[in-house]
Amino acid sequence: MKRTHQLSNGQPLTAETLRAHGVDLERILPELVSDPASCGVLLTGSLAAGNGTPSSDVDLMVLVPHRTSLVTAREGMRFKNSRFSEALQYCDGIEVNIELAERGRVAEIMTWMTAIAPALYKPSELKFVPIIDGPELRFLHRLRTGVPLLNPSLVASWRDEFLVELLPTYLTVRHFMEVHEYLEDAISHRPTSEESSRHVARIAVEEALVSILATLGVTSASRKWLLIESRKAMTTAGEVDRALLAEGLSILADCAAGPLGDCLTRIEALHQRMAARMSAEPELARAVEFLQGSITYVLEHQA
């Protein structure tokens, strides 16, 4: 039977802390991998992010060096997709979700990040940047933000090799690009279906919020928590970023029932304000300058 715990009471989250609350990594790992000493372990999810509750699951990521290290015959282990495996355990009533990332099966993600790195500094190649989504993006986010529990030096080497510190820049630029693409779609849908136009406009605003949050270092990019993350970020963001987030949230609310033309115009203006904000960051300025040169803003010129 699932029970609550006290892991969210502000104490440092370490392997020892988890063991004291019933989650013993030294007992769990040998059931999943043949050589626990060769693996890195991170705490991820809501507890690592600092917004866990007494009923939150314990989410772990295990970095596995070799495919043969996985004990895949264990009951409760299953494949999520072609890259990751997962297992579910209950430790003294606490639900523990474990994601295993085997080095060879995630190597392609490293290749993608290596391709992305020069593209951000050579903007003419931005159109060739791989689009990372789904489990792969979550993997990079968790690797970047997780709390190391075991073998921190191995965790650090994976972070370096997967260029995870580039993730905020990548998300900022990528979703900045997508704001305008969705805005163009919303404009094109308007003559035939206002409902469709509103729906796509909302997506454009969500893309804007994801981009702004990434500028602030928030890389979860989950639509599920987008409003919460945006409001949370506003409490610590500087004046410019706080204003951008506030405007994005306001437009998002107005897209449901407010005048559609006003919403589209405000999205375009927000996109321009985002460009001005990003241009103040040296690592973003070249990319934004290139992208702005290929964007034609139309709404501001309409009568």
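Below you will find a few notes about this structure. On a predicted model such as this, the values are computed, not experimentally measured, just so you know.

Turning our eyes to something else, we now look at the pattern of salt bridges. For the structure on display, the rule yields 16 salt bridges. Of the charged contacts in the structure, one is a salt bridge between Glu165 and Arg144, with a shortest N-O distance of 3.9 Å. Linking Glu165 in the loop between α6 (152-161) and α7 (167-189) with Arg144 in helix α5 (residues 134-145), this pair joins segments that are 21 residues apart in sequence. Using a relative accessible area of 18% as the deciding quantity, one classes Arg144 as buried. Here the residues in one salt-bridge network are Arg19, Asp24 and Glu26, joined through shared partners.

Below, the discussion takes up the nonpolar core. Counting residues in hydrophobic clusters, the biggest one holds 61 residues, and the most contacted among them are Leu63, Phe139, Leu140, Trp158, Phe162 and Ile267. Take this core: its biggest share by element is 10 residues, from helix α8 (residues 194-215). If near-sequence neighbours (up to four positions away) are discounted, Trp158 is found in contact with Leu63, Val64, Ala101, Glu102, Arg103, Val106, Phe139 and Leu143. Listed in part, the 26 residues of the second largest apolar core include Val58, Val64, Cys91 and Val96.

Let us now look at the packing of α8 against helix α11 (residues 260-278). Two numbers describe how α8 lies on α11: the axes approach to 11 Å, and their chain directions differ by 20 degrees. Classified by the angle their axes make, α8 and α11 are roughly parallel. For the pair α8 and α11, the sense of crossing is left-handed. Facing Glu194, Ser197, Arg198, Ala201, Ala204, Val205, Ala208, Ser211, Ile212 and Thr215 of α8, the residues of α11 in contact are Leu260, Leu264, Ile267, Leu270, Met274, Arg277 and Met278. Class assignment of the residues belonging to the contact of α8 with α11 gives a composition of 11 nonpolar, three polar and three charged.

Below, the discussion takes up α5. Taking 1.5 Å per residue, 12 residues should reach 16 Å; α5 reaches 17 Å between its end C-alpha atoms and fits that length. Here α5 has its buried residues at Glu136, Leu137, Phe139, Leu140, His141, Leu143 and Arg144.

Glancing now at the side chain of Glu99. Counting through the fold element by element, Glu99 comes out in strand β5 (residues 94-102). Polar side-chain contacts of Glu99 include one of 3.1 Å to the side chain of Arg142.

Counting across every chain of the model gives two cavities of 30 Å³ or more. A volume near 40 Å³ is recorded for the largest cavity. Every residue along the wall of the largest cavity is listed here: Ser211, Ile212, Thr215, Asp241, Leu244, Met274, Arg277 and Met278. Only α8, α10 (239-254) and α11 provide two or more residues apiece to the lining of the largest cavity. In the lining of the largest cavity, the residues fall into four nonpolar, two polar and two charged.

One pass over the full model with this rule turns up zero disulfides. Of the cysteine sulfurs around Cys255, a residue in no disulfide, the closest is that of Cys263, at 4.0 Å. Assessed through its relative accessible area of 1%, Cys255 is described here as buried.

Let us now look at the packing of α7 against α8. One way to put it is that α7 packs onto α8 with a least axis distance of 8 Å and a crossing angle of 165 degrees. One element, α7, and the other, α8, form an angle in the roughly antiparallel class. When you trace α7 past α8, the crossing you get is left-handed. For the pair α7 and α8, the contacting residues are Pro168, Leu171, Thr172, His175, Phe176, Glu178, Val179, Tyr182, Leu183, Asp185, Ala186 and His189 in the first and Ser196, Ser197, Val200, Ala201, Ile203, Ala204, Glu207, Ala208, Val210, Ser211, Ala214 and Thr215 in the second. Residues belonging to the contact of α7 with α8 are distributed by class as follows: 14 nonpolar, seven polar and three charged.

About the cut-offs
- Here the residue index of a chain counts from 1 through its sequence in written order.
- Totals for whole chains, interfaces and linings use every residue, but because this is a predicted model, local features are given only for residues with pLDDT of at least 70 and side-chain atom pairs only at 80 or more, for both listing and counting.
- Side-chain numbers here rest on the full set of heavy atoms in the structure, without hydrogens or water.
- Only one rule defines a salt bridge in this text: a Lys or Arg side-chain nitrogen within 4 Å of an Asp or Glu carboxyl oxygen.
- Runs of H or I in DSSP of at least four residues are treated as helices and runs of E of at least two as strands, each being numbered from the N terminus.
- For the exposure calls, accessible area comes from a 1.4 Å probe over protein chains only, and a residue counts as buried if that area is under 20% of its type's maximum, exposed if over 50%, partly exposed in between.
- Among buried residues, the Ala, Val, Leu, Ile, Met, Phe, Trp, Tyr and Cys ones that are joined through side-chain atoms within 4.5 Å form a nonpolar core.
- We call two residues contacting when some pair of their heavy atoms lies within 4.5 Å.
- Note on method: axes are straight lines fitted to C-alpha atoms, helices fitted across the in-contact stretch only, with angles between N-to-C directions ranging 0 to 180 degrees.
- Should an angle lie under 35 degrees it is considered roughly parallel, over 145 roughly antiparallel, and from 65 to 115 roughly perpendicular; all remaining angles are considered oblique.
- Left-handed is the label given to a crossing in which the near helix is rotated counterclockwise from the far helix by less than a right angle, and right-handed is the label when the rotation is clockwise.
- Each residue is assigned to one class: nonpolar for Ala, Val, Leu, Ile, Met, Phe, Trp, Tyr, Cys and Pro, charged for Asp, Glu, Lys and Arg, and polar for all the others, Gly among them.
- The span one expects for a helix is its residue count, reduced by one, times 1.5 Å.
- Within 3.5 Å is the distance limit for a polar contact, defined as a pair of N or O atoms, with the added protein rule that one can donate a hydrogen and the other accept it, and that residues adjacent in sequence qualify only through two side-chain atoms.
- The pocket and cavity definitions rest on a 1 Å grid over protein atoms only: a 1.4 Å probe that fits but cannot leave marks a cavity, an open set with protein on both sides within 12 Å along at least five of seven lines marks a pocket, and residues lining either have an atom within 4 Å of a point.
- Grid points are joined across faces, edges and corners, and a volume is the space filled by probe spheres set on the points.
- Cysteine sulfur atoms that pair up within 2.5 Å are treated as a disulfide.

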